[in-house]
Structure formats: C-alpha cells, structure tokens
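Here are the chains, one letter per residue:
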Amino acid sequence: MLTIWDAPRRKELLARFEKLTPDRRPAWGRMTCAQMIAHVADPMKAAMGEKRVAPKPGIFANPIVRHMIVYWMPWPKGAPTAPEFVHTDEPDFKEGLALLHATLERFAASGEQSRMEPHPAFGAISHKAWGRLMYRHLDHHLRQFGA
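An account of the accompanying structure is given in this report. Worth saying up front: this structure is predicted, and the values here are computed from it rather than measured. (Residues numbered from 1 in each chain as written. Predicted model: local features only at pLDDT ≥ 70, side-chain atom pairs only at ≥ 80, totals over all residues. Heavy atoms only, no water.)

### A closer look at the overall build of the chain
Stage number 1. When its secondary structure is counted, the chain shows five helices and zero strands.
Stage number 2. Ordering the α and β elements of the chain from the N terminus gives α-α-α-α-α.
Stage number 3. Rg of the C-alpha trace for the chain: 14 Å, near the compact-globule value of 15 Å for 147 residues, within the 12% margin.
Stage number 4. Taking the principal axes of the C-alpha coordinates as reference, the chain spans close to 40 × 30 × 30 Å.
Stage number 5. Long-range pairs, those at least 24 residues apart, make up 83% of the contacts in the chain between residues at least 6 apart in sequence. (Helix = DSSP H or I, 4+ residues; strand = E, 2+ residues; numbered from the N terminus. Rg over C-alpha atoms; globule rule 2.2 N^0.38 Å. Contact = heavy atoms within 4.5 Å.)

Here is the structure:
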C-alpha cells in the first residue's frame, strides 16, 4: 500500500513535485500549479493543528464510505474540498514548494503516536488512514498537473 509514512514513497512524491513548473497547466480544474501546491499542504497542516478547518459532517464520515474512499475508490476529478483549502491568491511557486516539502517532512516526522486532528469530512481517522489519504491526495494532484 502506498503511503507517505514510507520514506521512499515520500521521496518519489517530492521528486515529482520538483519537476513541476509555475506555468504547468492542469488537465482538469481551475487551480494554477502554485495554488495546487499550497492546497495539498493544507490538509497536513490541519491534521497537525496548524490550520483551522470547519467540520463538514456528511456521508464521508460513515466508516464504510470513508474506508472505500481513503483506500480503494478512484477519486473523481474536480471533487469538492473544504473552502479553507482553496487558494484564490497566487502563491510564490518556489516558496510553496519549499513549504510543501517542510510540511510533508514535519507531518511524517510526527510519528505514529502523534495525535492528529479529525479530518473535516472523514472525522477521526487512524494514523494509517492519514498516511494513505495524504499519499492519494498528493498523487491525485500531481496527476492533475501531469507529473
């Protein structure tokens, strides 16, 4: 299972991010590459308590639905996200990459015993689920930008 808790997988993801350029166009959606980089760091910040996000109760908190989405189901293009994770400004691309790298490494270094905040849509999830979910989220958006 691909997860960000696996150091070689993190390294592969970061290498894919390093191949991006500020002018890279998405295959779907409206985010710029710099906005996407800021966006993918946000859920990790929220999990570590560094970014406040309002809970979004709904069907995704159902344990069966949550498990299917976190681990198995293909993710649709253009799926809705928390408004707190949407960036309408244009962040600095290089600063964003550095911030993403630092955020990912800090998240990974938090360790299995760390307490993560509940996910806004899925609620309280395991450390294992956080690792899988963040891997899938990063990979999803890398694919969006052809990396």
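### Re the environment of Lys19
Stage number 1. Turning to its location among the elements, Lys19 is positioned in the loop between α1 (7-18) and α2 (33-47).
Stage number 2. Here the alpha-carbon distance between Lys19 and Leu142, two residues 123 residues apart in the chain, equals 10.0 Å.

### Notes on the packing of α1 against helix α4 (residues 93-109)
Stage number 1. Packing of α1 against α4 brings their axes to within 11 Å, and their N-to-C directions diverge by 170°. Relative to α4, the element α1 is oriented roughly antiparallel. Taking contact as the criterion, the partners of Arg10, Leu14, Phe17 and Glu18 in α1 are, on α4, Leu97, Leu100, His101, Leu104, Glu105 and Ala108.
Stage number 2. Across the contact of α1 with α4, the residue classes tally to six nonpolar, one polar and three charged. (Axes fitted to C-alpha atoms, helices over the stretch in contact; angles between N-to-C directions. Parallel < 35°, antiparallel > 145°, perpendicular 65-115°, else oblique. Nonpolar A, V, L, I, M, F, W, Y, C, P; charged D, E, K, R; others polar.)

### Structural notes on the environment of Trp72
Stage number 1. Mapping Trp72 onto the fold places it in helix α3 (residues 63-72).
Stage number 2. For Trp72, a relative accessible area of 58% corresponds to the exposed category.
Stage number 3. With 64 residues separating them in the primary sequence, Trp72 and Arg136 have C-alpha atoms 9.9 Å apart.
Stage number 4. Those residues in contact with Trp72 that lie beyond four places of it in its chain are His67 and Arg136. (Buried < 20%, exposed > 50% of the residue type's maximum accessible area, 1.4 Å probe, protein only.)

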